[in-house]
Amino acid sequence: MAGLPDSLKYSKWDHIEVSDDEGDSHPNIDQKLMARLKKEKRAKDYEEFRKQHPDAPDPIRAEELMTSTSRTVINSGNKETEKQKQAKEAKEVGNKHFGKGEYTEAEEWFGKAIELATEDATSSEAKKQLAVYHNNRAAARSNLGKAQEAIEDATAAIKLDFRYVKARLCRAKVYEGEGEVK
């Protein structure tokens, strides 16, 4: 071992401090400075993303997630308006037509559900339900070969509920069918 440089001799390594989490909690690193730098980097990355994607939905904040789950519990006994009930009934009729392959009728009924639900779509639950109606109409329109209208409906559903994976999948399938993979 006499011929090895000191950097390769394990006996010389015992003075090196190693942190398990990539240096974030190392005693020689200023934690407040590190947090500020990370926050500034996230803000800069977000601004660049917004420039490239101006129509992208706002990011989910942890506070929103916590309040939305507590709101769901609180509003679980909430009563639906008459129009919301009618909209759900119209959706069910549309679903029956869709299941039978009667896409034109399904499109009409989903359209009625959208008309009825649009006025009362103020709460997050009502918006999610309206997103479902838009996505269902998008699926019917897709089966009718109305690609552009299907894309518009799926996009409307995503804007109402940006976590709605079925709407994203529906839109992606239409884009793929049109040869416009995005």
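Up top is the structure these notes are about.
Right, let's walk through the structure included here. (Residues numbered from 1 in each chain as written. Predicted model: local features only at pLDDT ≥ 70, side-chain atom pairs only at ≥ 80, totals over all residues. Heavy atoms only, no water.)

## Some remarks on the side chain of histidine 134
Among the secondary structure elements, histidine 134 is positioned in helix H5 (residues 124–143). Looking at histidine 134, the relative accessible area reads 11%, which means it is buried. Once you skip the residues sitting within four places of it in the chain, histidine 134 turns out to touch Ile114, Asp153, Ala156, Ala157 and Leu160. (Helix = DSSP H or I, 4+ residues; strand = E, 2+ residues; numbered from the N terminus. Buried < 20%, exposed > 50% of the residue type's maximum accessible area, 1.4 Å probe, protein only. Contact = heavy atoms within 4.5 Å.)

## Concerning the environment of alanine 117
Along the chain, the position of alanine 117 falls in helix H4 (residues 103–118). When its relative accessible area of 6% is taken as the criterion, alanine 117 is described as buried. Each C-alpha atom, one on alanine 117 and one on alanine 131, is 10.0 Å from the other, the two residues being 14 residues apart in sequence. Leave out the neighbours within four places in its chain, and alanine 117 touches Ala87, Leu130 and Tyr133.

## Some thoughts on the packing of helix H3 (residues 82–99) against H4
Look at H3 against H4: their axes get within 8 Å of each other, and the N-to-C directions meet at 170°. Relative to H4, the element H3 is oriented roughly antiparallel. Taken as a pair, H3 and H4 cross one another with a handedness that is left-handed. Seen from H3, the contacting residues are Lys83, Gln86, Ala87, Ala90, Lys91, Val93, Gly94, Asn95, His97 and Phe98; seen from H4, they are Tyr103, Glu105, Ala106, Trp109, Phe110, Lys112, Ala113, Leu116 and Ala117. A class-by-class count of the residues in the contact of H3 with H4 yields 11 nonpolar, 4 polar and 4 charged. (Axes fitted to C-alpha atoms, helices over the stretch in contact; angles between N-to-C directions. Parallel < 35°, antiparallel > 145°, perpendicular 65-115°, else oblique. Left-handed = near helix turned anticlockwise from the far one by under 90°. Nonpolar A, V, L, I, M, F, W, Y, C, P; charged D, E, K, R; others polar.)

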